[in-house]
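# Examination of the molecular architecture
In case you want the letters, here they are:
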Amino acid sequence: MSDQEFDVVFIGGGPGGYTGAIRAGQLGLKTACVEMRGALGGTCLNVGCIPSKALLQSSEKYAEAEHALAEHGVAVSGLKLDLKTMLARKDKVVDGLTQGIEFLFKKNKVSYIKGRGTLLGGGRIKIEGPDAGTLKAKHIVLSTGSEVMPLPGVEIDEKKIVSSTGGLALPKVPKELVVIGAGYIGLELGTVWRRLGAKVTVVEFLDRILPGMDAEIAKTMQRILKKQGIEFRLGKKVTAAKSARAGVTLTLEPAKGGEAETLKADVVLVSIGRRPYVEGLGLETAGIALTDRGRVKVDDHYRTSAEGVYAIGDVIDGPMLAHKAEEEGVVLAEMLSGQKPHMNYDVIPGVVYTWPECATVGKTEEQLKEAGTDYKVGKFPFSANSRARANGDTEGMVKVLADARTDRVLGVHIIGPEAGNMIHEAVLAMEFGASAEDIARTCHAHPTLNEAVREAALNVDKLSRQM
Ligand code: FAD
Ligand code: NAI
C-alpha cells in the first residue's frame, strides 16, 4: 500500500495536536492527526482537565449542600452521596467533548488517523492500530504529551496506588487517602475526595505547597485547606509502599534525611509531576535530540533537530498546561502556512481549581527578589469586597506586583472565589503592558469580585478607597 500524503501530520490528538490540526485545516493545509487512545482530546479531555473539573464541581455542590447552604436559609435534609451518578456524569461530559472534536475535524477537513504513530525518518510515519499503514508529510508535529512521573518504590496499580487517572475513577470514597505531592493534581484531587468524606493527608517533599506559585498565596492556600480538614506532612519523602489487602503502608523519611516512619492509607495518589511521553515514537530513528530534562528539544519555531519535524505542548519545555499546548499548536500551524504569529510566554496564566481557587500570572514576589527587580506590592482581601461578603466566600486576596519605577504590572496572584476567571483581567492587562494605575483607573462594575483586583492595583500606591 502506498503512503497517504499530507502537508502536516500531528502525532497526538491532545489540546496541542487537535487545536493545531484544526487551525492547519482552516488555513488550507492538508492535515491529519494521529491518535492512539481511541478518543481525541488527549490527557486534558479524557483523564485530565475536564474530568477533574467535573468532579471538583460535583464535590463542591455536595460540600455546599452539606455545610454552606444552611447560612443562606436553605435547609437540606436527607443528603446522600451518589458517587456512581457523579462519576457517570463526569464520563458523559468527557464523551460529549471528545465527540465534539471529531465533529470539528470533519468540519475543518482534518483526517483523524486512529493508531500509534512511529517516525520512520524521511518524513514518513508508520501507523499501527485501526488505521494501520504509512503516512508521508512535509511537516510532522510531535504532540504526544506527558505521562505520570513514577516514584521509585511506589508501584502504581491504579486501584490502591493510583495516578490521577485512577484517582478520577475511585469506585468508593476511601477512608484514608494519602496524596504524594502538593502540586496541582494533589490539591485538586485531594480536595475532591476530602469533600466527599475521605481523611486526606498530603505528603510533600519541599517545605511548602504549590512550588511555582507566589509563596504568600501558597501559604494562605495551605491554611485554608487545613481548615477544610486536609493534613500536610511537608519536608517528607516517601521511600516505599507496601500494598496488602487491608491497604497500603507507606514509609516516610524527612527529605533532608533522618528517621523513617510509616503512614497507612486505603488509597495512595501519586502526583509528583509528569514527564514527556515519547515511548515508541522513533526519536532515535529520526535523529531527534532531547533536553537534559528529557523533553524534546526545539528552537523558537518549534523545530526539532530533525528536518521537517516539530514539537509542541507537554512534550517540550514550559508549563505543562492545556492552554499553553493549544497556543503552541495554533502558532505552529500559522507558521507552517507562512504567517508570522507570536506567542508571549511571559503571560501564561496558571490556575489551581481547588475551592477557593488560586491563580497566577507573571512573576512571583520570590522571582522578583531573586532577579533584583525593584517592585511595589498592592494587596486587597476578599473579606473587604462587598460581592464576596454577599456571596459568603470571603477568604483570600488579590496581590498585584508592579515595577517600582515604571508602575508596569509584573505579576498578579489571586487566591479566592473565582480566581481562575478573575485572573484574565490581569492577563489581558499584562499582554497590553498595562501599569497598575491603568487597572486602577478602569471602571469596574459594582458589586463584583473583580473590584478586588482594582483595589489591589490601587493599593500598589496605597490608594484603596475600600480600606
Ligand atoms: P496530551 O493532552 O497528553 O495529548 C497527547 C496525546 O497523544 C494523547 O492522547 C496520547 O494518547 C497521544 N499519543 C502519544 N503518543 C502517541 C503516538 N505515538 N501515536 C499516537 N498518539 C500518541 N491543564 C490545564 O491547563 N488545566 C487543567 O485544569 C488541567 N488539569 C489537569 C488534570 C489532570 C489530572 C492532568 C493529568 C493534567 C491536567 N492538565 C491541565 C494538564 C493538561 O492535561 C496537559 O497540559 C495537556 O493535556 C497537554 O496537551 P498535549 O496536547 O501536549 O498532550
Ligand atoms: P506538580 O509539579 O504540580 O506538583 C508535584 C508536587 O510533588 C510538587 O509540589 C513537588 O515538590 C512534589 N514532589 C516531587 N517529588 C516528590 C516526592 N518524591 N515526594 C513528595 N513530593 C514530591 O505535579 P502534578 O500535581 O503531578 O501535576 C502535573 C502537572 O499537570 C502540573 O504541573 C500541571 O502542569 C498539570 N496540571 C494542571 C492543572 C491545572 O492547570 N489546574 C491540574 C492538574 C495538573
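Looking at an unreviewed UniProt entry, the chain carries the name Dihydrolipoyl dehydrogenase, with the source organism given as Oceanibacterium hippocampi. The annotation that UniProt attaches to the chain under Catalytic activity (unreviewed entry) is "N(6)-[(R)-dihydrolipoyl]-L-lysyl-[protein] + NAD(+) = N(6)-[(R)-lipoyl]-L-lysyl-[protein] + NADH + H(+)". In its Sequence similarities (unreviewed entry) section, UniProt records this for the chain: "Belongs to the class-I pyridine nucleotide-disulfide oxidoreductase family."

## Here we look at the overall build of the chain
Of regular secondary structure, the chain possesses 14 helices and 22 strands. At 24 Å, the chain has a C-alpha radius of gyration in line with the 23 Å of a compact globule built from 467 residues. Taken along the three principal axes of its C-alpha coordinates, the chain extends 70 × 60 × 50 Å. Burial status across the chain gives 50% buried among its 467 residues.

## A closer look at the packing of helix α1 (residues 15-26) against helix α9 (residues 322-336)
One way to put it is that α1 packs onto α9 with a least axis distance of 7 Å and a crossing angle of 30 degrees. One finds that α1 runs roughly parallel with respect to α9. The two elements α1 and α9 cross, and the hand of that crossing is right-handed. Residues Pro15, Gly16, Tyr18, Thr19, Gly20, Arg23 and Ala24 of α1 form the contact with α9, whose participating residues are Ala322, Ala325, Glu326, Gly329, Val330, Ala333 and Glu334. The class makeup of the residues in the contact of α1 with α9 is seven nonpolar, four polar and three charged.

## Quick word on the site of ligand 1
Surrounding ligand 1, one finds 38 residues, the nearest of these being Gly16, Glu35, Thr43, Lys53 and Ala322. Contact distances for ligand 1 include 3.4 Å between a nitrogen atom and a backbone N or O atom of Cys49. Contact between ligand 1 and Met320: an oxygen atom at 3.1 Å from a main-chain N or O atom of the residue. When ligand 1 sits alone it has 990 Å² of accessible area, and the protein chains cover 94% of it. Counting only elements with at least two residues in the shell around ligand 1, the list comes to α1, β2 (31-35), α2 (42-47), α3 (49-68), β4 (116-121) and α9. For the shell around ligand 1, the per-class residue count stands at 15 nonpolar, 17 polar and six charged.

## Concerning the sheet that holds strand β18 (residues 350-352)
Strand order in the open sheet formed by five strands is β18-β19-β22-β21-β20, with antiparallel pairing between adjacent strands. Of all strands in the sheet, those bounded by a partner on one side alone are β18 and β20 (375-381). Strand-to-strand twist of the sheet, defined as the mean angle between neighbouring strand axes without regard to direction, takes the value 10 degrees. Inspection of the sheet shows strand β19 (residues 357-362) paired to strand β22 (residues 409-416) by six bridges, in the antiparallel sense. In the sheet register, Thr360 faces β22, and the bridge partner there is His413. Running at roughly 0 degrees to β22, helix α7 (residues 215-227) makes contact with β19, β20, β21 (397-403) and β22 of the sheet. Of the strands in this sheet, β18, β19 and β22 touch helix α12 (residues 419-431), which is tilted by about 10 degrees from β19.

## Considerations on the site of ligand 2
The environment of ligand 2 is formed by 23 residues, the closest being Ile185, Glu188, Glu204, Met320 and Val351. In this structure, an oxygen atom belonging to ligand 2 sits 2.6 Å away from a side-chain N or O atom of Glu204. Separating an oxygen atom of ligand 2 from a backbone N or O atom of Met320 is a distance of 2.6 Å. Contact with the protein chains covers 80% of the free accessible surface of ligand 2, which is 840 Å². Every element with two or more residues in the shell around ligand 2 is listed here: α6 (184-195) and β10 (199-204). When residues of the shell around ligand 2 are assigned to their parent elements, the largest contribution, four residues, is made by α6. Residues that form the shell around ligand 2 fall into these classes: 14 nonpolar, five polar and four charged.

## Considerations on the UniProt feature "binding site: NAD(+)" (unreviewed entry) in the chain
Taking the numbering used here, the UniProt-annotated feature "binding site: NAD(+)" (unreviewed entry) corresponds to Gly181, Ala182, Gly183, Tyr184, Ile185, Gly186, Leu187, Glu188, Glu204 and Gly273. A relative accessible area of 7% places Glu204 in the buried class. Leave out the neighbours within four places in its chain, and Glu204 touches Gly181, Ala182, Arg233, Leu234, Gly235 and Lys236. Looking at where Gly273 falls in the secondary structure, it is placed in the loop between β15 (267-270) and β16 (274-276). Contacts of Gly273, omitting those with residues within four sequence positions, involve Val148 and Met149.

Definitions and cut-offs
The residue numbering used here restarts from 1 in each chain and proceeds along that chain's sequence as written. Each chain takes a letter, starting from A, and each ligand takes a number, starting from 1, following the order in which they are written. Only residues with pLDDT of 70 or above have their local features reported here, since the model is predicted, and side-chain atom pairs are shown and tallied only from 80 upward, although totals for entire chains, interfaces and linings are computed over all residues. Each side-chain value is worked out from all heavy atoms of the structure, with water and hydrogens disregarded. UniProt positions are given in the numbering used here, feature names are shortened, and annotations may be inferred rather than shown by experiment. Per the convention used, a helix needs a DSSP run of H or I reaching at least four residues, while a strand needs a run of E reaching at least two, with both numbered from the N terminus. As a reference, a globule follows 2.2 Å times the number of residues to the power 0.38, and the radius of gyration itself is taken over C-alpha atoms. Relative accessibility thresholds used throughout: buried, under 20% of the residue-type maximum; exposed, over 50%; partly exposed, between the two (1.4 Å probe, protein chains only). Inter-axis angles, ranging from 0 to 180 degrees, are taken between N-to-C directions of lines fitted to C-alpha atoms, where helices are fitted over the stretch in contact. The labels follow the angle: roughly parallel below 35 degrees, roughly antiparallel above 145, roughly perpendicular from 65 to 115, and oblique for the rest. With the far helix as reference, a near helix turned anticlockwise by less than a right angle produces a left-handed crossing, and one turned clockwise produces a right-handed crossing. A contact between two residues is defined here by any heavy atoms of the two lying within 4.5 Å. Put simply, Ala, Val, Leu, Ile, Met, Phe, Trp, Tyr, Cys and Pro go in the nonpolar bin, Asp, Glu, Lys and Arg in the charged bin, and everything else, Gly too, in the polar bin. Whether a residue is near a molecule or strand is decided by its heavy atoms; if any one of them lies within 4 Å of it, the residue is near. Whenever two N or O atoms come within 3.5 Å, that pair is a polar contact, provided that in protein one can donate a hydrogen and the other can accept it, and provided that, for residues adjacent in sequence, both atoms are side-chain atoms. Here the Shrake-Rupley method, with its probe set to 1.4 Å, supplies the accessible areas, and only the displayed protein chains count as covering residues. Following DSSP output, two strands are said to pair if at least two bridges run between them.

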